[in-house]
Amino acid sequence: MKRSYERIAVSVGALALTFGVGVTYGKYRGTERSELPVPPVEVAAGQLADITGASAGASAPTPRPPALRPELGGLSLYPKITKGTRTPFDLWRYYGRGNSSFTSPELPMRFEQWLEFHRKQKPALMQDVHAYMATRYDFSARALPGYTMSGGKPIMAGPVARLPGGVESYEQLAAFTPADIKARDLFPFKPLAHPLQSTAHMVFPRSWIAAHPEHERIDVDMDIPEAYLPEFPPPMFLTTHKELGDVTGGREITLENYYDIFDGLLTPEQMEGLKELLRPSPTTWFNHTSHRVTEQPSEGVACFDCHVNGHTNGAIELGPDSRPNMGRLRTDTPTMRGNFNLMQLSSKRSIRSMDHFAEVEEYFDGDPGMQQAIGPRAVKREVTNRMGDMNSILDVPPAPKLDPLMRLIPSLATEQELRGEQLFYGKAQCYQCHYGPAFVDDYMHDLQVERFYVGRPEGPIKTFPLRGIKDSPPYLHDGRLPTLHDAVEFFNLVLSLQLTWQEKQDLVAYLLCL
């Protein structure tokens, strides 16, 4: 009998608890009390400068860095940050694992609060982003006289990466050992993080936003000036119609005009592949749900939104091949020109064909778990094959000074360009990773750049082709090298080449011929 009373009491208690929880949940469901916005973190004046190298106001929201870990080379644990809140600009100083590999499709607050939060945060954030970039680069928009991209946009002169205080020239910097540069914190080519890595995802340049305002983000803008990005819209060259030159006639190819431009030039299969490359699909943050970074619902993003006209507009993203989100590497959009000659088609993963690349990406973040929230974007194999077939006829721009074996024609080249070619295949050692018709070895290399600064190793990253390189600034996987001059200075330092100032100018002159 006693046991029966105990069972009845437990049952009544459970019912009462369930009823109480239900009443409480019903009371707060759908109200602001159930979905409070995450408050910004208050920091003291000058604290942002310690974290990012930029100045900030007294209330700029940014995380406080945890204590350094001497046993891990001075790295700090990644800060605990909620979606949308500010992240350090020097994320290379951090390490650790995230709470989960999987993304939740839920915002930390109601969407109208999300909008209001970013309306308040974005102006101060972008002010600090630009201040930080100004500490690292001299974006004076000084053009190289007489040189343009294939479509006519001026090419910027460099180097624009700022030298550290007390160092008067890159030649002086190159005289130090890697250990000295690291100990004195003199390395001018540290990685670039996403300006808002807690949310990350695609950030488009202003030239693209002007034509496609539906991709303007409520939370962050591009941090590299337009002068240092590829031209828009870029020319498109086809291996099957070299006689036509730029087949677009200076237009951006869209779903609305592609048929009129290409009907009679492409095969039906290629036409179908091009249509799919132009068709938007939902992404993690550009979609029709409230989990988005645009004010209005979005159709999503198409392949040719970043790889515009089969080239690139310089949009940035995070590589989808790692977690946590704070540890993912910033990546610039590479060109798709000449991919028919490549065997490595992802910066960190070994993806070996264009149709495979078109097939594997999930919401541009490598997260198939978002499918339940924003719908499937998986594409059948026969469709990705057609996309790959279209990609495989995107040609590189003309290089009139190169012969069929990709060597300079002496009668067309200047003395400086010929000296640069000798350096390329000699003292500068470029040919060891950049050879063949695409000037690429299709391998991944670990440059071990962390020898020069306190930072997390980035590991092996694929070699990028140099054919048509003048059309594809900025350089390196994350765009930390805005000009070809910066790229030459970077490799001169990292590979201890000991090039003279004149040799570096000669090498740039040769690269502009490719």
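Residues numbered from 1 in each chain as written. Predicted model: local features only at pLDDT ≥ 70, side-chain atom pairs only at ≥ 80, totals over all residues. Heavy atoms only, no water.

1. What to know about the overall build of the protein chain
Operational definition: In DSSP terms, a helix is any run of H or I states spanning at least four residues, a strand is any run of E spanning at least two, and both are numbered starting from the N terminus. For each residue, the accessible area found with a 1.4 Å probe, counting protein chains only, is set against the maximum for its type, and the residue is called buried under 20%, exposed over 50%, and partly exposed in between. Contacts between residues were defined by any pair of non-hydrogen atoms, one from each residue, lying within 4.5 Å. Per-residue and other accessible areas were derived by the Shrake-Rupley procedure at a 1.4 Å probe size, with only the shown protein chains allowed to occlude residues.
A count of helical and extended segments in the protein chain gives 15 helices and 11 strands. Each of the 514 residues in the protein chain was classed as buried or not, and the buried ones make up 52%. Nonlocal contacts in the protein chain, meaning residues at least 24 apart in sequence, comprise 66% of its contacts between residues at least 6 apart. Put simply, the protein chain shows about 23500 Å² of open surface, and 56% of that area lies on carbon and sulfur atoms.

2. Thoughts on the environment of His485
So the rule is basically this: Within 3.5 Å is the distance limit for a polar contact, defined as a pair of N or O atoms, with the added protein rule that one can donate a hydrogen and the other accept it, and that residues adjacent in sequence qualify only through two side-chain atoms.
With respect to the helices and strands, the residue His485 is situated in helix H14 (residues 484-494). For His485, a relative accessible area of 7% corresponds to the buried category. Taking C-alpha positions, His485 is 4.8 Å from Pro159, a pair spaced 326 residues apart along the chain. When near neighbours in sequence (up to four residues on either side) are disregarded, His485 contacts Leu144, Ala157, Gly158, Pro159, Gln505 and Val508. At 3.3 Å, the side chain of His485 and the backbone nitrogen of Gly158 are in polar contact.

3. Some points on the nonpolar core
The test is simple: The criterion is simple. A nonpolar core is a set of buried Ala, Val, Leu, Ile, Met, Phe, Trp, Tyr and Cys residues joined through side-chain atoms within 4.5 Å.
With 64 residues, the main nonpolar core has Phe187, Phe189, Phe424, Phe439, Leu493, Leu507 and Leu511 as its most contacted residues. Mapped by element, the contributors of at least two residues to this core are helix H3 (111-136), strand E5 (154-156), helix H4 (170-174), helix H13 (415-424), H14 and helix H15 (501-511). Sorting elements by how many residues they give to this core places H14 first, with 6 residues.

4. With respect to the packing of aromatic side chains
Geometrically, a pair of aromatic rings is defined through the distance of the ring centres and the angle of the planes. Rules: Here is the rule: rings of Phe, Tyr and Trp (six-membered ring for Trp) pair when centre to centre is within 6.5 Å. Planes less than 30 degrees apart are stacked, more than 60 are edge-to-face, and the remainder are tilted.
Counted according to the given criterion, the structure contains 20 aromatic pairs. Look at Tyr170 and Phe189: their rings are 6.0 Å apart centre to centre, the planes differ by 20 degrees, and that puts the pair in the stacked class. On the criterion of sequence distance, the pair formed by Tyr170 in helix H4 and Phe189 in the loop between helix H5 (178-183) and helix H6 (206-211) is long-range, its members being 19 residues apart. Take Tyr170: its relative accessible area is 9%, and that puts it in the buried class. With a centroid separation of 5.9 Å and an interplanar angle of 75 degrees, the aromatic rings of Phe204 and Phe286 are classed as edge-to-face. Taken as a pair, Phe204 in the loop between H5 and H6 and Phe286 in the loop between helix H8 (268-278) and helix H9 (303-306) lie far apart in primary sequence, 82 residues in all. The two residues Phe204 and Phe286 agree in class, both being buried. In this structure an aromatic cluster arises from ring pairing among Trp92, Tyr170, Phe187, Phe189, Phe452, Tyr453, Phe490 and Phe491.

5. Quick look at the side chain of Arg456
Heads up, the condition is: Just so you know, the count uses Lys and Arg for positive and Asp and Glu for negative, and it drops His and the chain ends. We count a salt bridge whenever a side-chain nitrogen from Lys or Arg sits within 4 Å of a carboxyl oxygen from Asp or Glu.
Mapped onto the elements of the fold, Arg456 is located in the loop between strand E10 (444-445) and strand E11 (461-462). Here Arg456 occupies a buried position and makes no salt bridge, while the nearest side chain of opposite charge, Glu458, is found at 6.2 Å.

6. Some words on the confidence of the model for the protein chain
Applicable threshold: A residue's pLDDT is the confidence the predictor assigns to it, expressed on a 0 to 100 scale.
With 84% of its residues at a pLDDT of at least 70, the protein chain reaches an overall mean of 87. Ignoring residues within four places in sequence, the model shows residues 16-64, a span with pLDDT below 50, making 68 contacts including any to other chains.

7. Notes on the packing of H14 against H15
In helix packing, the relevant descriptors are the interaxial angle and the interaxial distance, both defined with respect to the helix axes. We count it as follows: Axis lines are fitted through C-alpha atoms, for helices just across the contact stretch, and the angle between N-to-C directions can take any value from 0 to 180 degrees. Working rule for angles: under 35 degrees goes down as roughly parallel, over 145 as roughly antiparallel, 65 to 115 as roughly perpendicular, anything else as oblique. For any pair of crossing helices, the crossing counts as left-handed if the nearer helix is rotated counterclockwise from the farther one by less than a right angle, and right-handed if it is rotated clockwise. Gly counts as polar in this scheme, as do all residues outside two lists: the nonpolar Ala, Val, Leu, Ile, Met, Phe, Trp, Tyr, Cys and Pro, and the charged Asp, Glu, Lys and Arg.
Axis separation between H14 and H15 bottoms out at 10 Å; the angle between their running directions is 125 degrees. When the axes of H14 and H15 are compared, the pair comes out oblique. As H14 runs across H15, the sense of the crossing is right-handed. Facing Leu484, His485, Val488, Glu489 and Asn492 of H14, the residues of H15 in contact are Lys504, Gln505, Leu507, Val508 and Leu511. Residue composition of the contact of H14 with H15, by class: 5 nonpolar, 3 polar and 2 charged.

8. Quick look at the pairing of strand E4 (residues 143-148)
In plain terms, the rule: For two strands to be treated as a pair, DSSP must find no fewer than two bridges joining them.
Looking at chain direction, E4 and E5 are connected through 2 bridges and run antiparallel. Along E5, the bridge assignment pairs Ala143 with Met156. Between the antiparallel neighbours E4 and E5 lie 5 residues, among them Gly152 with a positive phi of about 110 degrees.

9. Considerations on the side chain of Arg136
Take Arg136: it is sitting in helix H3. It turns out Arg136 is buried and unbridged, and the closest side chain with the opposite charge, Asp478, is 6.9 Å from it. Excluding residues within four positions of it along the chain, Arg136 makes contact with Trp92, Val160, Ala161, Arg162, Pro188, Phe189, Lys190, Pro191 and Leu192.

10. Considerations on the packing of H8 against helix H12 (residues 381-391)
Packing of H8 against H12 brings their axes to within 7 Å, and their N-to-C directions diverge by 100 degrees. Between H8 and H12, the crossing angle belongs to the class labelled roughly perpendicular. Along the contact surface, H8 presents Glu269, Gln270, Glu272, Gly273, Leu274, Glu276 and Leu277, while H12 presents Val383, Arg386, Met387, Asp389, Met390 and Asn391. A per-class count over the contact of H8 with H12 returns 5 nonpolar, 3 polar and 5 charged.

11. Brief notes about the environment of Gly319
Mapped onto the fold, Gly319 is located in the loop between strand E7 (316-318) and strand E8 (330-332). Given the relative accessible area of 2%, Gly319 is considered buried. Put simply, Gly319 and His477 are 158 residues apart on the chain and 9.6 Å apart in space, counted from C-alpha to C-alpha. In this structure Gly319 touches Arg328, Leu329 and Thr331, once residues within four positions along its chain are discounted.

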